[in-house]
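Examination of the molecular architecture
Each chain is listed here by its residues.
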Amino acid sequence: MKQEIKLPEVSEGVRVGTVTSLLVAVGDQVKNDQTLLELETDKAVVAIPSPLAGTISEIHISEGDVVEIGATLMWLETAGEAAETKAETGMLPETPPAEEPLGSPTETETTVPLPPPPLPPHHPTAAPVDLTGIRRDDRVAPASPTVRRMARELGVDIYQVQGSGPGGRISIEDVRAFVKTTMQRATGGGITPSEFPGLHAQRPLPDFSRFGTSTREPLSRIRELTADSMSYAWSTIPMVTQYDKAVVGPVEEFRQARNNGTGPNGKLTMTAILIKICAAALRVFPNLNSALDLAERELLLHDFINIGVAVDTPDGLLVPVLRNVDRKGIEAIAGELNDLADRTRRRRIKPEELEGGTFTISNLGGIGGTAFTPIVYPPQVAILGVSRSEMQPIWNGTGFEPQLVLPLSLSYDHRVIDGAAGARFLRWICETLEQPLNLVMKN
Amino acid sequence: MNDPIPPQSQLVVIGAGPGGYSAAFRAAELGLQVTLIDPGERPGGVCLYRGCIPSKALLHVAKLISETEEAESIGVRSAKPTLEVQKIRAWKNGVIETLTKGLGGKADKLKLTTICGTARFKDNHTLQISTATGEEGQLVFKQAIIATGSRPVLLPGIQTGKRILDSTGALELADIPKTMLVIGGGYIGLELGSAYAAMGTRVSVVEMTADLLPGCDRDLVSVLKRRLDKNFNEILLNTRVMELKEQKNGVAVTFEDKKGKQSRRRFDKVLMAIGRRPNSEELGLDNTSIRINEKGFIVVDGRQRTTEAGIFAIGDIAGEPMLAHKAYGEAHVAAAAAAGQNSIFDPRAIPAVVFTDPEVAWCGLTETAAREKNLKVKTAKLSWRGNGRALTLGRHDGMTKLIVDAENDRLLGVGLVGPGAGELIAEAVLALEMAATGEDLRTVIHPHPTLSETIFDAAQMLFRG
Ligand SMILES: Cc1cc2nc3c(=O)[nH]c(=O)nc-3n(C[C@H](O)[C@H](O)[C@H](O)COP(=O)(O)OP(=O)(O)OC[C@H]3O[C@@H](n4cnc5c(N)ncnc54)[C@H](O)[C@@H]3O)c2cc1C
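Residues numbered from 1 in each chain as written. Chains lettered and ligands numbered in written order. Predicted model: local features only at pLDDT ≥ 70, side-chain atom pairs only at ≥ 80, totals over all residues. Heavy atoms only, no water.

With that settled, the discussion passes to the overall build of chain A. For chain A, the count of helices and strands is 8 helices and 19 strands. Relative to all contacts within chain A whose residues are 6 or more apart in sequence, the contacts with residues 24 or more apart total 59%. Carbon and sulfur atoms form 55% of the exposed surface of chain A, whose accessible area is close to 25300 Å². (Helix = DSSP H or I, 4+ residues; strand = E, 2+ residues; numbered from the N terminus. Contact = heavy atoms within 4.5 Å. Areas by Shrake-Rupley, 256 points an atom, 1.4 Å probe, with all protein chains shown as cover.)

In structure tokens, the structure reads:
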């Protein structure tokens, strides 16, 4: 079939152009999109491609001619049958370009890889032969020299790295990400705890604007740290929570009687009493006052007992620590706790007063609730949650008796503490709340 | 270059051209004890003594002459320039001296052992050295870098003489002949032919193939050719030189055209610029396991290592393209590898520049190669006719061409022709090395009015709207 080829629109406002070079002759076989001629307009030199595949049968122009848009340039003989034409017009991909490298004049036969020459004898530690000069693709890896160098130094084959930049450009971050995922695959996803970025282990957020408006608020530093340490705890510590309750009527009676008449600083709280009881319990169950060192396969048993108390502040949760509480009386503990809690709420706490805890108490009794699962605060191994005390009917063997009951929850690291030990520890605390003499039975 | 032959050396570098001297300097900076051997009085090699530098000096003379002619057409008239050949020659040699002395000084500062002489391998750890003063000696080395470069190829059975020159002879500028035939339409022939033409010689160029500057895109060449057609007496394409006879008053040349028709002509001088051949024959490579290919180039891997342990090869001896800046690049790779570093010669682009008027420069993928490989590319070609800077320079011949990947807009190659193209190409090389896209090029602010804006404007053409 004979086809006329006309000069197409080349760019807006251009009416005519000069043929600067004619790249085909009568009898030439041309492919779809092959450049037929180059036209110089007052804006640019443009290549005029063939709209079809076929054989050039007539040419109506020559170099130097000024031609108008729409003028007949040449005639093309296309292949007879329609089906064939389609296959030939290049609509289907051609066979892939030869393996031969390209991209710069560097590829001559001399840069073809050789069998590696043996290493010089005085370089016994030289790295194994590296022939990264080989191009595996017909294109080069789109990375700057700095990025390629870094990849080389890390032993990364740059051709395997997926670039995230425009045109597939490979950045330093892409190389890093490649190393990271490769390592994770190699080590089964193992990551060192110290670099766990709790905050960042998150999937991208959905587009909430589809549902309504939201405002963004920066995270406070406390919130950031809490998020990090809580996600670390949650994802690395296998935790168990146990629940128990203690009859605290007599202790509560004592406490209220004592508080009648003392100033605010001398105020005795249930938390202060619990600190003392926990300190004693930790002496009896030393495994709960420990830290796990998996790398060394050892358990660190602390001789000191420092108990942290979760304090709710306007900016978030803080845990000031009362030191050596096993050596202090309840009165001293109460005074210290009141001062610490007060300063914490006013953000007058020193950083070192938030450090060194070996066990934590979180008392939500002032707010309410019947039970909750506190989260262990690593590297500690256990935490006591306290809910609100309540009058409950308690069976005394012959009938129900109204009693003031305090619900307690204990979460612990099951890698260190077994269920039985946890249950015994919590039971000991409950029994001691009911029978404080326990506190002095052993020392 | 006048130290005695030391008995041994950690690293010996054979040849002090751009490859050799920069490898020696780099290795010394990396802490190696280096011996550098070359027959020249000072480091420099072909590039400084009989290549890049003297040719560019003569082309500068050519430029001054053609600019005074151009000046006339825009209303600046001065007397027709007269040439003092002796003074031009002295100036050119002065440039060479300044540069080679600088290199000699650097060699001393880095405490290189420099030997004036030639070396040959006795075995894979020993060199036989003959110094310029006739001394013979042996040197045992731990590692070696071969950088012996290349030399001009002559037509079979022809020797250079007073009237038949190679590039080295032409650069000596013995005189300015009335007529000269340049055999070979490659860059060396065109550069030297242009220099002589500007100085007043009627230059004819004969080329066996169908066009000038093989390897370069035709559209770039055609811009250059338009001007060369004016400056040269004639350009004979598809024509072979069958015979050369040196006679008393000239050289008789027999040509044969495509159809087999022969003709005879006489020229005052003939310059042979038909190519260069690696200096690998006299090196005693047979005494090592170093391999050379069928063209005589030493075969190397990506670290410039030869097939012999501890011996590297760089520069012209290690393959195409035979260009000084390729030699520099390979020199740094080999020196670092010799110092135990993990280096590799893996450039994205090696620019090529032809210092004719107008200059032609290109790097990366050429359009011709893209077509041959059937790659899906987009090209933007911009004539310099609309560039303000070109016109204020009194010129309008020039073109900037960008070749990008049609799929992802990544820059794959750049071709330039026009005055100053050689300086402009550096931006393109950087862009290629940094894996820039057309979008990058059209976003970067280019100074106005400069020729570099043609890159910016051409990039704009890749986008609709
Ligand atoms: C006219 C002309 C113009 C050129 N213009 C340019 C240009 O504009 N840009 C560009 O990039 N390149 C240009 N070149 C090419 C450039 O000069 C070479 O690519 C470059 O010099 C190669 O450097 P090299 O170190 O490999 O070797 P060379 O510069 O060739 O140096 C090799 C040295 O080794 C010495 N040698 C040889 N055998 C021995 C031996 N057995 N023992 C000891 N020493 C030995 C030689 O005497 C020589 O000094 C030009 C070349 C010519 C001829």
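On to the site of the ligand. All names here are of chain B. Near the ligand, the surroundings consist of 38 residues, among which G19, D38, K56, D316 and A324 are the closest. Between the ligand and G19 there is a distance of 2.8 Å, counted from an oxygen atom to a backbone nitrogen or oxygen. Between A324 and the ligand, the recorded distance is 2.8 Å, taken from a backbone N or O atom to an oxygen atom. The fraction of the free accessible surface of the ligand (990 Å²) that becomes covered by protein chains is 94%. Of all the secondary-structure elements, those providing two or more residues to the shell around the ligand are α1 (18-29), β2 (34-38), α2 (45-50), α3 (52-73), β3 (113-123), α5 (167-172), α6 (187-198) and α8 (324-338). Among the elements that make up the shell around the ligand, the one with the highest residue count is α2 (4 residues). Partitioning the shell around the ligand into residue classes produces 18 nonpolar, 15 polar and 5 charged. (Near = heavy atom within 4 Å. Polar contact = N/O pair within 3.5 Å; in protein donor to acceptor, adjacent residues only side chain to side chain. Nonpolar A, V, L, I, M, F, W, Y, C, P; charged D, E, K, R; others polar.)

With that out of the way, let us pick up the UniProt feature "binding site: FAD" (unreviewed entry) in chain B. Residues and elements named next belong to chain B. Under the UniProt annotation, "binding site: FAD" (unreviewed entry) lies at K56, T148, G149, S150, D316, M322, L323, A324 and H325. With near-sequence residues (within four places) excluded, K56 lies in contact with E191 and F355. Inspection of the secondary structure assignment puts L323 in the loop between β16 (311-313) and α8. A relative accessible area of 18% means that L323 is categorised as buried. Setting aside residues no more than four positions away along its own chain, L323 makes contact with Y187, D316, P351 and A352. (UniProt positions renumbered as here; feature names shortened; annotations may be inferred. Buried < 20%, exposed > 50% of the residue type's maximum accessible area, 1.4 Å probe, protein only.)

Glancing now at the packing of aromatic side chains. Within the structure shown, the criterion is met by 7 aromatic pairs over all chains. An angle of 65° between the planes, with centres 5.8 Å apart, marks the rings of F359 of chain A and F425 of chain A as edge-to-face. A residue pair is termed long-range when its members are at least 10 positions apart, and F359 of chain A in strand β16 (residues 359-363) and F425 of chain A in helix α8 (residues 419-434) qualify at 66 residues. For F425 of chain A, a relative accessible area of 0% corresponds to the buried category. Taking 5.7 Å as the distance between ring centres and 45° as the angle between the ring planes, the aromatic pair formed by Y21 of chain B and F25 of chain B counts as tilted. With Y21 of chain B and F25 of chain B both in helix α1 and 4 residues apart, the pair spans about one turn of that helix. F25 of chain B shares its class with Y21 of chain B; the two are buried. Within the aromatic cluster, the residues linked to one another by ring pairs are F285, F359 and F425 of chain A. Against the face of W75 of chain A rests K2 of chain A, its NZ or CZ located 5.2 Å from the ring centre. Stacked on the ring of F463 of chain B, the Lys or Arg R442 of chain B has its end atom at 3.8 Å from the ring centre. (Phe/Tyr/Trp six-rings, centres within 6.5 Å; stacked < 30°, edge-to-face > 60°. Lys NZ or Arg CZ within 6 Å of the ring centre and 35° of its normal.)

A word on the pairing of strand β13 (residues 262-267) of chain B. Residues and elements named next belong to chain B. Here strand β12 (residues 250-256) pairs with β13 via 6 bridges, running antiparallel. If you follow F255 over to β13, its bridge partner there is S263. The hairpin turn running from β12 into β13, its antiparallel successor, is 5 residues long, and G260 in that turn takes a positive phi close to 90°. (Pairing = 2+ DSSP bridges.)

This paragraph deals with the sheet that holds strand β9 (residues 202-206) of chain B. Strand pairing within a sheet occurs via backbone hydrogen bonds; the two strands may be parallel or antiparallel. All names here are of chain B. Spatially, 5 strands are ordered β7-β14-β8-β9-β10 in an open sheet, and the strand pairing comes out parallel. Each of the sheet's edge strands pairs with one partner strand only, and the pair in question is β7 (164-165) and β10 (234-236). As paired strands, strand β8 (residues 179-183) and β9 are joined by 5 bridges and run parallel to one another. Paired with T179 across the two strands is R202, which belongs to β9. Its contacts with the sheet place α6 against β8, β9 and β14 (269-272), and it is angled at close to 165° to β9. (Axes fitted to C-alpha atoms, helices over the stretch in contact; angles between N-to-C directions.)

Moving on: the UniProt feature "active site" (unreviewed entry) in chain B. All names here are of chain B. In this numbering, the UniProt entry assigns the feature "active site" (unreviewed entry) to H448. As for its placement among the helices and strands, H448 is situated in the loop between α12 (438-443) and α13 (453-461). Only 2.7 Å separates the side chain of H448 from the side chain of E453, close enough to count as a polar contact.

Residue and element names in this part refer to chain A. Between the first and last C-alpha of helix α4 (residues 221-236) there are 22 Å, a value that for 16 residues agrees with the 22 Å anticipated at 1.5 Å per step. If you check which residues of α4 are buried, you get I222, T226, S229 and A233. Buried residues along α4 cover an arc of 80° about the axis, so they all sit on one side. (Expected span 1.5 Å × (residues − 1). Arc of directions from axis to C-beta.)

On to the pattern of salt bridges, then. Within the structure shown, the criterion is met by 46 salt bridges over all chains. Among the ionic pairs, E173 of chain A bridges to R176 of chain A, the shortest N-O distance being 4.0 Å. With E173 of chain A and R176 of chain A both in helix α3 (residues 172-186), this residue pair falls 3 residues apart, about one helical turn. Between R427 of chain A and E431 of chain A there is a salt bridge, and its shortest N-O distance comes to 3.7 Å. Of this pair, R427 of chain A and E431 of chain A both sit in helix α8, separated by 4 residues, roughly a single helical turn. What makes E431 of chain A partly exposed here is its relative accessible area of 36%. Within this structure, E38 of chain A together with D217, D219, E367, R371, K381 and K401 of chain B form a network of salt bridges that share partners. (Salt bridge = Lys/Arg side-chain N within 4 Å of Asp/Glu carboxyl O.)

Once that is clear, we can look at the sheet that holds strand β11 (residues 240-247) of chain B. Residues and elements named next belong to chain B. Across the sheet, 3 strands lie side by side as β11-β12-β13; this open sheet has antiparallel pairing. Strand pairing shows two members of the sheet lacking a second neighbour, β11 and β13, which therefore form its edges. Across the sheet, the axes of successive neighbouring strands diverge by a mean angle of 20°, strand direction being ignored.

Now for the packing of helix α6 (residues 270-284) of chain A against α8 of chain A. All names here are of chain A. Interhelical geometry of α6 versus α8 gives an angle of 130° and a closest axis separation of 10 Å. Considering their axes alone, α6 and α8 lie oblique with respect to each other. The interaxial crossing formed by α6 with α8 has right-handed handedness. Touching M270, I273, L274, I277, C278, A280, A281, L282 and V284 of α6 are F425, W428, I429, T432 and L433, all from α8. Looking at the contact of α6 with α8 residue by residue, the class counts come to 13 nonpolar, 1 polar and no charged. (Parallel < 35°, antiparallel > 145°, perpendicular 65-115°, else oblique. Left-handed = near helix turned anticlockwise from the far one by under 90°.)

Right, let's talk about the packing of α1 of chain B against helix α4 (residues 85-109) of chain B for a bit. Residue and element names in this part refer to chain B. Remark: α1 packs on α4, axes separated minimally by 10 Å, with the N-to-C direction vectors making an angle of 25°. With respect to each other, α1 and α4 are oriented roughly parallel. The two elements α1 and α4 cross, and the hand of that crossing is left-handed. Along its contact with α1, which presents Y21, F25 and E29, the element α4 presents L103, K106 and A107. For the contact of α1 with α4, the residue count by class is 4 nonpolar, no polar and 2 charged.

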